[in-house]
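# A closer look at the structure
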Amino acid sequence: MGSDADKQEMDNSDSEAERTSSATMQEDIASESGGRISRQPSEASCYATEEDEDLALQLGPKWSIKEHLEKDKDDESLRKWKEQLLGSVDVDSVQENQETDVKILSLTIASPGRSDIVLPIPEVGNPKGLWFTLKEGSRYTLKFSIKVSNDIVCGLKYTNTVWKTGIKVDSTKQMIGTFSPQAEPYVHEMSEETTPSGIFARGAYSARSKFVDDDNKCYLEINYTFDIQKDWSSK
């Protein structure tokens, strides 16, 4: 076994060799990287700072649909691509610098073997009194007439909540779609449903329907009442 002095001398030699090796490696890296030492990012550098947030992507100005239609209109390939993207846009219904306008014009209740029930949507307020009657155990489909003006509406959604004697008994949320403005209203048909039946199903219900887009802009919120009876209303 060596003395403590010999051991200390060996430790000092090892430390000096490690420092020399590290310095040589940094010089090699600096030489290869044009005088800059490359380092792996620290954990702190993986997180955004306030300065990074200031450099976030800035979106350009929004173009109206009419501006999109007019731009590059002499380019045949771009014109055809825009027609496929936008569909049958009615230029006359497109207004400059106007917000998208969506109106739900009417609700139609269609059931096999009987005439459709067409219910106009009030422009202001909610329907007065009992709005409609459904027959228990019957199949029916809802159809909405939708008018879109000024600009494209993206991700239009329909939600409907139903209560009976103050208790929520049904909740529906359905994507309707994206629509470009046109002169004629769109008609959107919902999936077929069947009314419940039995003594506990019959009676009066209250409901709230809403139409909102991807930006959570609400175009219609309507509260109404209806009932389920043994047969259709004679009205």
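Note: the structure precedes this text.
Before going into details, it helps to say that this report is about the structure given with it. (Residues numbered from 1 in each chain as written. Predicted model: local features only at pLDDT ≥ 70, side-chain atom pairs only at ≥ 80, totals over all residues. Heavy atoms only, no water.)

### Concerning the overall build of the protein
Helices and strands together make up the secondary structure of the protein, namely four helices and ten strands. In the protein, the order of α-helices and β-strands from amino to carboxyl end is α-α-α-α-β-β-β-β-β-β-β-β-β-β. Across the 235 residues of the protein, 31% fall into the buried class. When contacts within the protein are restricted to residue pairs at least 6 apart in sequence, long-range pairs at least 24 apart make up 70% of them. Only carbon and sulfur atoms are counted for the fraction: they give 49% of the accessible area of the protein, which is about 16600 Å². (Helix = DSSP H or I, 4+ residues; strand = E, 2+ residues; numbered from the N terminus. Buried < 20%, exposed > 50% of the residue type's maximum accessible area, 1.4 Å probe, protein only. Contact = heavy atoms within 4.5 Å. Areas by Shrake-Rupley, 256 points an atom, 1.4 Å probe, with all protein chains shown as cover.)

### Section: the nonpolar core
Counting residues in each nonpolar core, the largest one holds 34 residues, and the members touching the most others are L107, I109, F132, F144, L156 and F226. Those elements giving two or more residues to this core turn out to be β1 (101-110), β2 (117-120), β3 (130-135), β4 (139-149), β5 (153-164), β6 (167-179), β9 (203-212) and β10 (218-229). What I109 contacts, discounting residues up to four positions off in sequence, is D116, I117, L119, F132, L134, Y140, T141 and L142. (Core = buried A, V, L, I, M, F, W, Y, C linked by side-chain atoms within 4.5 Å.)

### Quick word on the environment of N216
Counting through the fold element by element, N216 comes out in the loop between β9 and β10. We classify N216 as exposed; its relative accessible area is 61%. Spatially, the C-alpha atoms of N216 and K157 are 9.3 Å apart, while their sequence positions differ by 59 residues.

### Some remarks on the pairing of β5
The buried fraction of β5 is high, at nine of twelve residues. Examined bridge by bridge, β5 and β6 share ten bridges and lie antiparallel to one another. Along β6, the bridge assignment pairs Y158 with Q174. The antiparallel hairpin formed by β5 and β6 contains two residues in its connecting segment, where T165 sits at a positive phi of about 50°. Summarising the sheet, β5 and β9 pair through seven bridges and their orientation is antiparallel. Each bridged residue has a counterpart across the sheet, and for T159 the counterpart in β9 is K210. (Pairing = 2+ DSSP bridges.)

### Quick notes on the packing of aromatic side chains
Per the counting criterion, the structure on display carries ten aromatic pairs. When the centroid spacing of 5.9 Å and the interplanar angle of 40° are considered together, the rings of F132 and Y224 count as tilted. In this pair, F132 sits in strand β3 while Y224 sits in strand β10, placing the two residues 92 residues apart along the sequence. Residue Y224 is classed as buried on the basis of its relative accessible area, which comes to 9%. Ring centres of Y158 and F211 lie 5.3 Å apart, and the angle between their planes is 50°; on these two criteria the pair is classed as tilted. (Phe/Tyr/Trp six-rings, centres within 6.5 Å; stacked < 30°, edge-to-face > 60°.)

### Concerning the sheet that holds β5
Within a sheet, neighbouring strands are paired by backbone hydrogen bonds and run either parallel or antiparallel to one another. With mixed pairing, the five strands of this open sheet are ordered in space as β3-β10-β9-β5-β6. Where the open sheet ends on each side, the last strands, each with one partner, are β3 and β6. With direction set aside, neighbouring strand axes in the sheet form an average angle of 25°. (Axes fitted to C-alpha atoms, helices over the stretch in contact; angles between N-to-C directions.)

### Overview of the side chain of S138
By the element assignment, S138 lies in the loop between β3 and β4. One polar contact links the side chain of S138 to the main-chain carbonyl oxygen of K135, over a distance of 2.6 Å. If we skip the residues at most four places from it in the chain, S138 touches S111, E193, T194, T195 and W232. (Polar contact = N/O pair within 3.5 Å; in protein donor to acceptor, adjacent residues only side chain to side chain.)

### Focus: unusual backbone geometry
Even without glycine at this site, T165 takes up a positive phi of about 50°. By the secondary structure assignment, T165 is in the loop between β5 and β6. Judged by relative accessible area, which is 71%, T165 ranks as exposed. In the Ramachandran plot, N216 falls in the positive-phi region, its phi being about 65° despite a non-glycine side chain.

### Some points on the environment of S209
In this structure, S209 sits in strand β9. A relative accessible area of 5% means that S209 is categorised as buried. Separated by 14 residues in sequence, S209 and N223 place their C-alpha atoms 6.6 Å apart. With residues up to four places along the chain from it excluded, the contact list for S209 reads Y158, T159, N160, L220, E221, I222 and Y224. Within the structure, the side chain of S209 is placed 2.5 Å from the side chain of N160, a separation counted as a polar contact.

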